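Topology and contacts: notes
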Amino acid sequence: MNKRQMHFAGSFYPADSKSVEEMIHHFNRSLENSTEVISQLNRLKTNAVIVPHAGWIYSGFTANVAHRVLSGSPVDTVVVIGPSHHAGFEGVSIADYTAYATPLGDIPIDRTLVQAIKEKFGVVHYPQAHHEHSTEVQMPFIRHYMPDVNVVELVYGYASPKLLEPIISYLLHNSRYAVVISTDLSHFYPLQEAHKIDQICLEAVEKMDLNLLHKGCEACGEIGVEAMLSAANKEGLKSLILDYRTSADASGDTARVVGYMSALFQKSL
């Protein structure tokens, strides 16, 4: 089997199934301390989310909120889109494999959708692009919450949002597909400064405002976020911020923090 192997299990997230499940249950126990929050989350439906991608000990809670909400919608395939941190290349690469390995078991890759995206949008497969954590850290969440779905992995390098936007729009037109946009926010500022910079990103997503996004947001996945906002605006979707925090919430280190956000998009809120 031609499989997309795990490269970051044991570093960004646990390498064994028991530890993965325990960590997700830990995130959910924290959520379930507030019946009001759980009630609100259970009412939400979406086929498109933004999630962070740092190590789970830092950003896992924030990502988990979005994946938990996403699991409430009946979909067949989840398409995960993230920036390349480990390979430099032009454009967008698609994972042209048959399955995606996770500690919870392999996830089938939607070969039909892979071929459709390759043919419709001229996307190719760069093997080196898929040694990537921004997308990989999402897969155990998907396997946990939606064990019967297929996945597709898209990683972009030096690319314009205009390359991703039509792909996202194509996916949003089919209710059987879900879109996961992966990004962290500001990196390595003191906490107060990080909050100010991240607020630009949060407000841009909340208001669906592309101009504001360009006025100081320092998200590493800004290209994906911009493409998502552009497609969502054209589709008449609205956004909702689900969670925001920084690495300081987990580490206590306020000198050099990284920001994390999760959000959803849907027809009406």
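Placed above this text is the structure.
Residues numbered from 1 in each chain as written. Predicted model: local features only at pLDDT ≥ 70, side-chain atom pairs only at ≥ 80, totals over all residues. Heavy atoms only, no water.

**A look at the packing of aromatic side chains**
Aromatic ring pairs are defined here through the distance separating the ring centres and the angle between the ring planes. Threshold: The pairing test for Phe, Tyr and Trp rings, Trp by its six-membered ring, is centres within 6.5 Å, and the orientation test on the planes gives stacked under 30 degrees, edge-to-face over 60, and tilted for anything in between. Using a 1.4 Å probe on the protein chains alone, a residue whose accessible area is under 20% of its type maximum counts as buried, one over 50% counts as exposed, and one in between counts as partly exposed. Each helix corresponds to a stretch of at least 4 residues labelled H or I by DSSP, and each strand to a stretch of at least 2 residues labelled E; elements are numbered beginning at the N terminus. Remark: a charge is flagged as sitting over a ring if the NZ atom of Lys or the CZ atom of Arg is within 6 Å of the ring centre and within 35 degrees of the ring normal.
All told, the structure shown has 7 aromatic pairs when counted by the stated rule. Ring geometry for Phe8 and Phe12: centres 5.4 Å apart, planes at 80 degrees, overall edge-to-face. With a relative accessible area of 23%, Phe12 lands in the partly exposed category. A ring pair is formed by Tyr13 and Trp56, whose centres lie 6.0 Å apart and whose planes are at 35 degrees; its orientation type is tilted. Of the two residues, Tyr13 is situated in the loop between β1 (3-4) and α1 (17-32) and Trp56 in helix α3 (residues 56-70); the sequence distance between them amounts to 43 residues. Tyr13 sits in the buried class, given a relative accessible area of 3%. Members of the aromatic cluster, joined through ring pairs, are Tyr13, Phe27, Trp56 and Phe141. Sitting over the face of the ring of Phe188, Arg256 holds its NZ or CZ atom 4.5 Å from the ring centroid.

**Examining the pairing of strand β3 (residues 77-83)**
This is how it is decided: Following DSSP output, two strands are said to pair if at least two bridges run between them.
The buried fraction of β3 is high, at 7 of 7 residues. Across the two faces of β3 the burial is the same, with Thr77, Val79, Ile81 and Pro83 and Val78, Val80 and Gly82 all buried. Strand direction decides the pairing type here: β3 and strand β7 (residues 150-156), joined by 7 bridges, are parallel. The residue bridging Gly82 from the neighbouring strand is Val155, located in β7.

**Examining the packing of helix α7 (residues 161-172) against helix α10 (residues 222-235)**
The criterion, for reference: To define axes, lines are fitted to C-alpha atoms, for helices over the stretch in contact only, and angles between the resulting N-to-C directions are given on a 0 to 180 degree scale. Working rule for angles: under 35 degrees goes down as roughly parallel, over 145 as roughly antiparallel, 65 to 115 as roughly perpendicular, anything else as oblique. By convention the crossing between two helices is left-handed if the near helix lies anticlockwise of the far one by an angle smaller than a right angle, and right-handed if it lies clockwise. Any two residues whose heavy atoms approach within 4.5 Å at even a single point are treated as in contact. Ten residue types, Ala, Val, Leu, Ile, Met, Phe, Trp, Tyr, Cys and Pro, are classed as nonpolar, four, Asp, Glu, Lys and Arg, as charged, and the remainder, Gly among them, as polar.
Between α7 and α10, the shortest axis-to-axis distance is 8 Å and the interhelical angle comes to 45 degrees. Judged by the angle between their axes, α7 and α10 are oblique. Between α7 and α10 the crossing geometry is right-handed. Touching Pro161, Leu164, Glu165, Ile168, Ser169 and Leu172 of α7 are Ile223, Gly224, Glu226, Ala227, Met228, Ser230, Ala231, Lys234 and Glu235, all from α10. In the contact of α7 with α10, the residues fall into 8 nonpolar, 3 polar and 4 charged.

**Focus: the sheet that holds strand β5 (residues 99-100)**
Through backbone hydrogen bonds, the strands of a sheet pair up, either in parallel or in antiparallel fashion. The 3 strands lie next to each other as β1-β5-β6, forming an open sheet whose pairing is mixed. Strands with a single pairing partner mark the edges of an open sheet, and in this sheet they are β1 and β6 (107-108). The pairing of β1 with β5 spans 2 bridges and is classified as parallel. Bridging from a neighbouring strand, Arg4 pairs with Tyr100 of β5.

**Examining the state of the cysteines**
We count it as follows: A pair of cysteine sulfur atoms is labelled a disulfide when the two atoms are within 2.5 Å.
Using the criterion set out here, one finds 1 disulfide in the structure. What pairs with Cys201 in a disulfide is Cys217, and their sulfur atoms sit 2.2 Å apart. The sign of the 105 degrees torsion about the S-S bond sets the Cys201-Cys217 disulfide as right-handed. Here Cys201, found in helix α8 (residues 191-207), pairs with Cys217, found in the loop between α9 (210-213) and α10; they are 16 residues apart in sequence, far enough to count as distant. For the residue pair Cys201 and Cys217, the accessibility class agrees, reading buried in each case.

**Quick word on the packing of helix α4 (residues 111-121) against α7**
Where α4 meets α7, the axes come as close as 11 Å, and the angle between the chain directions of the two elements is 135 degrees. Our classification of the angle between α4 and α7 gives oblique. Considering only the axes of α4 and α7, their crossing is right-handed. In this structure, α4 uses Leu113, Ala116, Ile117, Lys120 and Phe121 to contact α7, whose residues at the interface are Pro166, Ile167, Tyr170 and Leu171.

**Description of the environment of Arg143**
To keep it simple, the criterion reads: The definition of a polar contact used here is a pair of N or O atoms within 3.5 Å, where within protein one atom must be able to donate a hydrogen and the other to accept one, and adjacent residues in sequence count solely through side-chain atom pairs.
Positionally, Arg143 belongs in helix α6 (residues 139-145). Every residue in contact with Arg143, bar those within four places of it in the chain, is listed here: Thr102, Leu104, Gly105, Asp106 and Ile107. At 3.3 Å, the side chain of Arg143 and the backbone oxygen of Asp106 are in polar contact.

**Considering the side chain of Asn28**
Relative to the assigned elements, Asn28 resides in helix α1. You can call Asn28 buried: its relative accessible area is 7%. Among the polar contacts listed, one links the side chain of Asn28 to the side chain of Arg68, at a separation of 3.0 Å. Those residues in contact with Asn28 that lie beyond four places of it in its chain are Asn64, Arg68 and Tyr145.

Purely spatial values, then, with no claim about function.
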